[in-house]
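# Structure at a glance
Listed below, chain by chain, are the residues.
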Amino acid sequence: MQPIETIYVDTPSVGCDGGGGALGHPLVYLTMEKKGEIDCPYCGRHFVLSEAGKAKGGHGH
């Protein structure tokens, strides 16, 4: 089993399709709340709002 992938993003909303092309999953849009991170319910990818994204005001405060 491979470790869960962590992806750093600059916006508080992200789209995830599993990244596997035909082996991925349906495209879902995820919105990070005040925590600044979220896991995809399909594939478990962990999205984290980068420091640059937080500086833009995307941290939810």
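Below you will find a few notes about this structure.

The rules we used
- Residues numbered from 1 in each chain as written.
- Predicted model: local features only at pLDDT ≥ 70, side-chain atom pairs only at ≥ 80, totals over all residues.
- Heavy atoms only, no water.
- Pairing = 2+ DSSP bridges.
- Helix = DSSP H or I, 4+ residues; strand = E, 2+ residues; numbered from the N terminus.
- Axes fitted to C-alpha atoms, helices over the stretch in contact; angles between N-to-C directions.
- Core = buried A, V, L, I, M, F, W, Y, C linked by side-chain atoms within 4.5 Å.
- Buried < 20%, exposed > 50% of the residue type's maximum accessible area, 1.4 Å probe, protein only.
- Contact = heavy atoms within 4.5 Å.
- Polar contact = N/O pair within 3.5 Å; in protein donor to acceptor, adjacent residues only side chain to side chain.

Bringing the sheet that holds strand β4 (residues 37-39) into the picture now. Across the sheet, which stays open at both edges, the three strands sit in the order β1-β5-β4 with mixed pairing between neighbours. Edge positions in the open sheet fall to β1 (6-9) and β4, since each of these has one partner strand only. Strand-to-strand twist across the sheet, computed as the mean angle between neighbouring axes with direction ignored, equals 20°. The pairing of β4 with strand β5 (residues 46-49) spans three bridges and is antiparallel. Among the inter-strand pairings, Glu 37 is bridged to a residue of β5, identified as Val 48.

Note on soluble globular proteins: their nonpolar side chains tend to be buried together. The biggest cluster of nonpolar side chains holds 10 residues, and these are Ile 7, Val 9, Val 14, Cys 16, Val 28, Leu 30, Met 32, Cys 40, Phe 47 and Leu 49. Among the elements of the structure, β1, β2 (13-16), β3 (28-31) and β5 are those that each provide at least two residues to this core. Among all residues touching Met 32, those that are not within four sequence positions of it are Val 9, Thr 11, Pro 12, Val 14, Glu 37, Ile 38, Phe 47, Val 48 and Leu 49.

With respect to the secondary-structure elements, His 46 resides in strand β5. For His 46, a relative accessible area of 19% corresponds to the buried category. Side chain to side chain, His 46 and Asp 39 meet in a polar contact 2.4 Å long. Non-local contacts of His 46, meaning those with residues more than four positions away in its chain, are made with Ile 4, Glu 5, Thr 6, Ile 7, Glu 37, Ile 38 and Asp 39.

That's the geometry; what it means functionally is another story.
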